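Okay, here's what each chain looks like letter by letter:
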Amino acid sequence: MSECLVDIPADAINPVEPYLRSERIPHIWCPGCGIGTTVNCFARALDESKLDLNKVAIVSGIGCTGRVAGYAALDSFHTTHGRAIPFATGLKLANPELQVVVYSGDGDLFAIGGNHFIHAARRNMDLKVICVNNLTYAMTGGQTGPATPDHVISTTSPYGVFEPAFNLVQLAEAAGAAYVARWTTFHVKQLARSMEEVMKKRGFCFIEIISPCPTLYQRRNKMGDGLDTMKFYKQVSKIRNGAPTSECGLTKSGEIVVGKFVDRDRPGYFEMLNAQMTETLGDRYVIPEASSCGDC
Amino acid sequence: MAKGFVAITVERCKGCGFCVEFCPTKVLTLSSAFNSKGYHPPQVVAADKCSGCDLCGMYCPDFAIFGARNAR
């Protein structure tokens with residue numbers, strides 16, 4: 001203990017502090033885990049987008065990333081496993097003024113919640129889905145998940161994964177998402193900009209973030225710690241905006257294609273609902289107005 | 001005078017080293033001292049080089065560090 005540590009000056013305030021529940025920090029994520037970095041980018045995106053925080057809600061499912069809702073100082077909802085999107089859909093339908101962000105992991109959104117994801121994308125619900133993809137089921141001990149690439153060693157695949165993995169960006173595009181992007185935790189600036197962009201975009205937006213899981217995924221596959229993984233991302237990732245998503249599959253150690261792949265305008269759920277009902281019912285149909293509660 | 005400064009909340013740090021690795025001007029290094037949880041937080045070794053770009057703050061998974069520009 002020869003060196004002495006200098007703590008933060010009393011008058012300096014971290015710019016992300018207003019967006020976090022500081023009393024709950026330090027958080028539970030492991031050293032080297034990338035989820036904290038994504039939350040950091042999210043807080044900065046909120047800061048830049050100048051949204052009214054009383055009109056932003058964050059919904060999480062279960063898992064490591066599911067804890068994000070508990071650390072964000074917004075209206076946050078920690079829902080049952082896989083049901084973040086249906087919960088968020090209900091929230092959006094009941095109060096269309098809300099900006100609803102779904103923040104969850106690959107296991108929650110694409111395994112048990114897979115159906116909900118594709119149907120929300122098909123309907124073009126105005127949700128912002130942020131998926132932190134650590135390529136495994138981290139909270140339960142590193143089992144093979146729907147996004148685990150080929151040949152990876154996991155708890156349930158000790159001799160290597162042989163099932164093909166989902167290509168999440170291709171799935172989102174095929175299901176009808178209006179905005180699809182992928183970044184890694186190394187691309188913090190681009191990620192924050194992307195998050196800011198989806199806050200302004202209407203329709204179903206999807207951002208996939210490849211994140212390290214040093215405790216389970218990287219350790220079992222002898223890929224080093226969190227920092228080694230970040231260096232690996234820096235080395236193998238390639239920015240290709242607008243690339244065909246079918247060419248963006250993930251492999252264990254191959255190239256990671258990142259960028260904004262899809263940015264299109266499709267009629268949203270409310271527009272389609274109102275158009276159809278007006279056509280069928282004519283004057284009998286009253287377009288529901290955004291209900292605002294006087295008390296809050 | 002340096003263009004910016006970094007502020008470190010020592011007790012939040014988990015010693016992942018992201019800030020040290022990705023600082024564009026190499027202002028930081030991991031200290032040999034421990035915080036109360038037994039991690040080695042970063043320390044400033046080249047304060048004059050800091051540009052206050054806040055990249056360390058964006059990379060930090062534990063909200064333990066940030067950079068800011070000095071007022072001119």
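The structure this text deals with has already been given above.
Rules and cut-offs
- Residues numbered from 1 in each chain as written.
- Chains lettered and ligands numbered in written order.
- Predicted model: local features only at pLDDT ≥ 70, side-chain atom pairs only at ≥ 80, totals over all residues.
- Heavy atoms only, no water.
- Helix = DSSP H or I, 4+ residues; strand = E, 2+ residues; numbered from the N terminus.
- Rg over C-alpha atoms; globule rule 2.2 N^0.38 Å.
- Buried < 20%, exposed > 50% of the residue type's maximum accessible area, 1.4 Å probe, protein only.
- Contact = heavy atoms within 4.5 Å.
- Lys, Arg positive; Asp, Glu negative; His and termini not counted.
- Charge placed at Lys NZ, Arg CZ, Asp CG, Glu CD.
- Core = buried A, V, L, I, M, F, W, Y, C linked by side-chain atoms within 4.5 Å.
- Buried area = accessible area lost by both parts, 1.4 Å probe.
- Salt bridge = Lys/Arg side-chain N within 4 Å of Asp/Glu carboxyl O.
- Nonpolar A, V, L, I, M, F, W, Y, C, P; charged D, E, K, R; others polar.
- Pairing = 2+ DSSP bridges.
- Axes fitted to C-alpha atoms, helices over the stretch in contact; angles between N-to-C directions.
- Phe/Tyr/Trp six-rings, centres within 6.5 Å; stacked < 30°, edge-to-face > 60°.

## Some remarks on the overall build of chain A
When its secondary structure is counted, chain A shows 10 helices and 8 strands. Relative to the compact-globule value of 19 Å for 296 residues, chain A shows a C-alpha radius of gyration of 20 Å, a close match. For chain A, the spread of C-alpha atoms along the principal axes amounts to about 75 × 55 × 35 Å. Burial status across chain A gives 52% buried among its 296 residues. For chain A, the share of sequence-separated contacts (at least 6 apart) that also reach a separation of at least 24 residues comes to 68%. Distance between charge centres in chain A, computed from 29 positive and 30 negative side chains, equals 5 Å.

## Section: the nonpolar core
Residue and element names in this part refer to chain A. Counting 58 residues, the largest nonpolar core has Phe42, Tyr103 and Met195 as the members making the most contacts within it. The biggest single contributor to this core is helix α1 (residues 35-49), with 7 residues. Residue contacts for Phe42: discarding those within four places in its chain leaves Ile58, Leu74, Val101, Tyr103, Ile130, Met195 and Met199. With 32 residues, the next largest nonpolar core counts Ala88, Leu91, Ala121 and Ala177 among its residues.

## A short note on the side chain of Asp62 of chain B
Following the sequence through the fold, Asp62 of chain B ends up in the loop between α2 (55-59) and β4 (65-69). On the basis of relative accessibility, which here comes to 4%, the residue Asp62 of chain B falls in the buried class. For Asp62 of chain B, the contacting residues outside a window of four places in its chain are Ile25 and His27 of chain A together with Arg12 and Lys14 of chain B.

## Some thoughts on the interface of chain A and chain B
Taken together, the contact between chain A and chain B spans 42 residues of the former and 32 residues of the latter. A combined buried area of about 3100 Å² lies between chain A and chain B, and 63% of that area is made up of carbon and sulfur atoms. Where Arg12 of chain B meets Glu17 of chain A, a salt bridge forms, and the shortest distance between an N and an O atom there is 2.7 Å. When contributions to the side of chain A that touches chain B are tallied by element, the ones reaching two or more residues are α1, α7 (188-200) and α9 (226-236) of chain A. Considering each element in turn, the side of chain A that touches chain B owes the most residues, 6 residues, to α1 of chain A. Taken together, the residues that form the side of chain A that touches chain B break down as 25 nonpolar, 10 polar and 7 charged.

## A look at the sheet that holds strand β4 (residues 127-133) of chain A
Residues and elements named next belong to chain A. Spatially, 8 strands are ordered β2-β1-β3-β4-β6-β5-β8-β7 in an open sheet, and the strand pairing comes out mixed. Only two strands of the sheet have a single neighbouring strand rather than two, namely β2 (75-78) and β7 (237-239). Sheet twist, expressed as the mean angle between neighbouring strand axes with direction ignored, is 20 degrees. Both β4 and strand β6 (residues 205-210) contribute to a ladder of 6 bridges, which runs parallel. Paired with Val132 across the two strands is Ile209, which belongs to β6.

## Quick notes on the packing of aromatic side chains
Under the definition given, this model contains 12 aromatic pairs over all chains. A centroid spacing of 5.1 Å and a plane angle of 70 degrees characterise the contact between Trp29 of chain A and Tyr71 of chain A, whose relative ring orientation is edge-to-face. Residue Trp29 of chain A is found in the segment before α1, and its partner Tyr71 of chain A is found in helix α2 (residues 68-71); the two are separated by 42 residues along the sequence. For the pair shown, Trp29 of chain A and Tyr71 of chain A are each scored as buried. Here the aromatic rings of Phe186 of chain A and Tyr59 of chain B are separated by 6.2 Å at their centres, their planes lie at 35 degrees, and the arrangement is tilted. Taken together, the residues Phe186 of chain A in the loop between β5 (179-184) and α7 and Tyr59 of chain B in helix α2 connect one chain to another. Each member of the pair, Phe186 of chain A together with Tyr59 of chain B, is buried.

## What to know about the pairing of strand β1 (residues 56-60) of chain A
All names here are of chain A. For β1, the buried fraction is high: 5 of the 5 residues fall into the buried class. Residues Val56, Ile58 and Ser60 point to one face of β1 and Ala57 and Val59 to the other, with burial holding for every one of them. Of the pairings in the sheet, the one linking β1 to strand β3 (residues 99-105) comprises 4 bridges and is parallel in character. When the bridges of β3 are listed, Ile58 appears paired with Val101. When β1 meets β2, the two strands line up parallel, connected through 4 bridges. Bridge pairing links Val59 to Phe77 in β2.

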